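Here is what each chain is made of, one letter per residue.
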Amino acid sequence: MYNELKEGSMHQLYESMGISDKVYQYGEKTLEKLKNRFAQIDQMAEFNQLKVVKAMQDCRVSEACLLGTTGYGYNDIGRDTLEEVYASVFHTESALVRPQITCGTHALALALMSNLRPGDELLSPVGKPYDTLEEVIGIRESKGSLKEYGISYKQVDLLADGSFDWEGIKAAIHEKTKLVTIQRSKGYQTRPTFSVAQIGKLISFIKSIKPDVICMVDNCYGEFTEAIEPTDVGADMCVGSLIKNPGGGLAPIGGYIVGKKECVENAAYRLTSPGLGKEVGASLSVLPSFYQGLFLAPTVTAGALKGAIFAANLYENLGFKVVPDGSVDRHDIIQAIEFGTPEGLIAFCEGIQYAAPVDSFVTPEPWDMPGYDSQVIMAAGAFVSGSSIELSADGPLKPPYAVYFQGGLTWQHAKFGILKSLQRCIDRGVISDI
Ligand SMILES: *Cc1c(COP(=O)(O)O)cnc(C)c1O
């Protein structure tokens, strides 16, 4: 039955969805070489799946936890238990996991603003942080920034080879340095993404210079790509978005902060109000999606990782520069492919859009997005608006015309999207032969 499917109707179905035999075969040829790596990813998913289930069992998640509260949300057993589950998964004293945290930037801003006081200094030892944090910190002038509250900022850039500037970091730490922010994923930069082990080394180094400094990790896109998280190697706080990895594609909104009790408490008093903290904040009807999303997150992340590795190998073989390259270990789910021409970038994004379950019939176009100095093209046909754990791609229309590709709720869908992108590149004449 399976062989019949594979040889016969699978082909036909792909063909009926616009994938030529040639593209399909090219994909299969690429996949042949990835069997071992995919097996390793499956093992990672197995480990993380057990970790999540164990946390849910240890915290005695019950049917009652799936019911929400309204109004003030006092005694919200589902919300409080979910926070225990997160703390257990990340091996931390405490957690704040809320739909009232609107996105990743909000979660990061909350963690920073609640743990820094006027006169303190924030240090980034890994170069420029994610774009949206520039306004939070006040690197770009902005209302309500940390800078406006008298909190200063220092940055130590990575060395040319992408490694930490140990001496520069040592020199940058002084008595005002209160909090260090470390971004795990490269985001939209070309530096490598850090492994949890590398982050651990950096934290140990910083703590050896100043033991009481708070080390925070921006964990966006990194969750469940490894068997350990930054909180396992000394991070005092880890912060992320629920419409990326840990929401498993089901969470419709939300962010999390896990870490030391005091750090999380500070964040809770800032999110709600002094005196109220974690005690208020109704969960309304989001809890089933938060629980089930976390339950699915290890396998969803594994599917996205397979998609990233497949895309890297496919396009690398065709002669394009890909970051990271097809062979390296992964610490996040983002894949960059440099097309060198606007046509290539646009064709890739069109292919991803045409593969979507939602809005597959629309054609993405470059537009002038606020805050960017060039036009940007985005492909996303997602169940949750803006969700980037779902199959999505985007890139600025400027050299090197790199597309940033991520997500895929299932590996099978990521595969289809990547084949569709290749097909579109061929149909548009961006790639002449495979
Ligand atoms: C996505 C992301 C953010 C910000 O998250 P939003 O939900 O888009 O606000 C911050 N840092 C990194 C590394 C990210 O990938």
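About the thresholds
- Residues numbered from 1 in each chain as written.
- Predicted model: local features only at pLDDT ≥ 70, side-chain atom pairs only at ≥ 80, totals over all residues.
- Heavy atoms only, no water.
- Domains from an automatic or database assignment.
- Contact = heavy atoms within 4.5 Å.
- Buried area = accessible area lost by both parts, 1.4 Å probe.
- Salt bridge = Lys/Arg side-chain N within 4 Å of Asp/Glu carboxyl O.
- Pairing = 2+ DSSP bridges.
- Helix = DSSP H or I, 4+ residues; strand = E, 2+ residues; numbered from the N terminus.
- Axes fitted to C-alpha atoms, helices over the stretch in contact; angles between N-to-C directions.
- Disulfide = S-S within 2.5 Å.
- Buried < 20%, exposed > 50% of the residue type's maximum accessible area, 1.4 Å probe, protein only.
- Arc of directions from axis to C-beta.
- Near = heavy atom within 4 Å.
- Polar contact = N/O pair within 3.5 Å; in protein donor to acceptor, adjacent residues only side chain to side chain.
- Areas by Shrake-Rupley, 256 points an atom, 1.4 Å probe, with all protein chains shown as cover.
- 1 Å grid on protein atoms, 1.4 Å probe; cavity = no way out; pocket = protein on both sides within 12 Å on 5 of 7 lines; lining within 4 Å.
- Sits in = over half its atoms within 2 Å of the grid points.

A.B. asks: When you look at the domain arrangement of the protein chain in this model, what are you seeing that I'm missing?
C.D. replies: Where interface size is quoted, it is often the accessible area lost as the parts come together. Taken domain by domain, the protein chain comprises domain 1 (2-47 + 295-427) and domain 2 (68-285). Facing 27 residues of domain 1, the contacting portion of domain 2 comprises 27 residues. Across the domain 1/domain 2 interface, buried area totals approximately 2200 Å², and carbon plus sulfur atoms make up 63% of it. One can count 1 salt bridge joining domain 1 with domain 2.

A.B. asks: Looking at this model, I keep getting lost on the sheet that holds strand β6 (residues 237-241). Mind explaining?
C.D. replies: Within a sheet, neighbouring strands are paired by backbone hydrogen bonds and run either parallel or antiparallel to one another. Strand order across the open sheet formed by 7 strands is β1-β7-β6-β5-β4-β2-β3, with mixed pairing between neighbours. Of all the strands in the sheet, just β1 (94-98) and β3 (152-155) have a single pairing partner and so form its edges. Going across the sheet, the axis of each strand differs from the next one's by a mean of 20 degrees, ignoring polarity. Both strand β4 (residues 177-183) and strand β5 (residues 214-218) contribute to a ladder of 5 bridges, which runs parallel. Bridged to T181 within β5 is M216. Strand contacts of helix α4 (residues 77-89): β1 and β7 (255-259), with the helix running at about 125 degrees to β1, the strand carrying the most contacts.

A.B. asks: Sorry, what's going on with the state of the cysteines here?
C.D. replies: By definition, a disulfide links the sulfur atoms of two cysteines through a covalent bond. Enumeration over the complete set of coordinates arrives at 0 disulfides. Not engaged in a disulfide, the cysteine C65 finds its nearest cysteine sulfur in C59; these two sulfurs lie 9.3 Å apart. By relative accessible area, C65 is classed as buried at 1%. The closest cysteine sulfur to the non-disulfide-bonded C215 is located on C263, 9.9 Å from its own sulfur.

A.B. asks: Can you walk me through helix α9 (residues 261-271) in this structure?
C.D. replies: For an α-helix, 3.6 residues make a turn, and residues three or four places apart therefore share a direction. All of the buried residues along α9 are C263, V264, A267, A268 and L271. Projected onto a plane normal to the axis of α9, the buried residues spread over an arc of 135 degrees and lie on a single side.

A.B. asks: Explain the site of the ligand here, please?
C.D. replies: By nearness alone, every residue bordering the ligand is listed as C103, G104, T105, L108, Y130, Q183, D218, C220, Y221, S241 and K244. The contact in question runs from an oxygen atom of the ligand to an N or O atom on the side chain of T105, over 2.5 Å. Here D218 contributes a side-chain N or O atom positioned 2.6 Å from a nitrogen atom of the ligand. Relative to its unbound accessible surface of 370 Å², the ligand loses 88% to contact with the protein. When each cavity is represented as a set of grid points, the ligand is found to reside in the largest pocket. Looking at the shell around the ligand, the element that brings in the most residues is helix α5 (residues 104-115), giving 3 residues.

A.B. asks: What should I look at first to understand the pairing of strand β9 (residues 335-338) in this one?
C.D. replies: Consecutive side chains of a regular strand alternate in pointing toward one face of the sheet and then the other. Side chains Q335 and I337 project from β9 onto one buried face, and the interleaved A336 and E338 project onto a second face that is buried too. Two strands pair when backbone bridges link them, and β9 and strand β12 (residues 402-406) are joined in this way by 4 bridges, in the antiparallel orientation. In the sheet register, Q335 faces β12, and the bridge partner there is F405.

A.B. asks: Can you walk me through unusual backbone geometry in this structure?
C.D. replies: Trans is the prevailing form of peptide bonds, just as negative phi is the prevailing case for residues other than glycine. For the bond running from V323 to P324, omega is -5 degrees, close enough to zero to count as cis. Structurally, P324 is set in the loop between β8 (321-323) and β9. P399 connects to P400 through a cis peptide bond whose omega is 5 degrees. Mapping P400 onto the fold places it in the loop between β11 (392-396) and β12. Phi angles above zero are rare outside glycine, and N75 is one such case at about 50 degrees. With respect to the helices and strands, N75 occurs in the loop between α3 (35-58) and α4. Given the relative accessible area of 69%, N75 is considered exposed. Phi at L284 is positive, roughly 50 degrees, even though this residue is not glycine. Given the relative accessible area of 53%, L284 is considered exposed.

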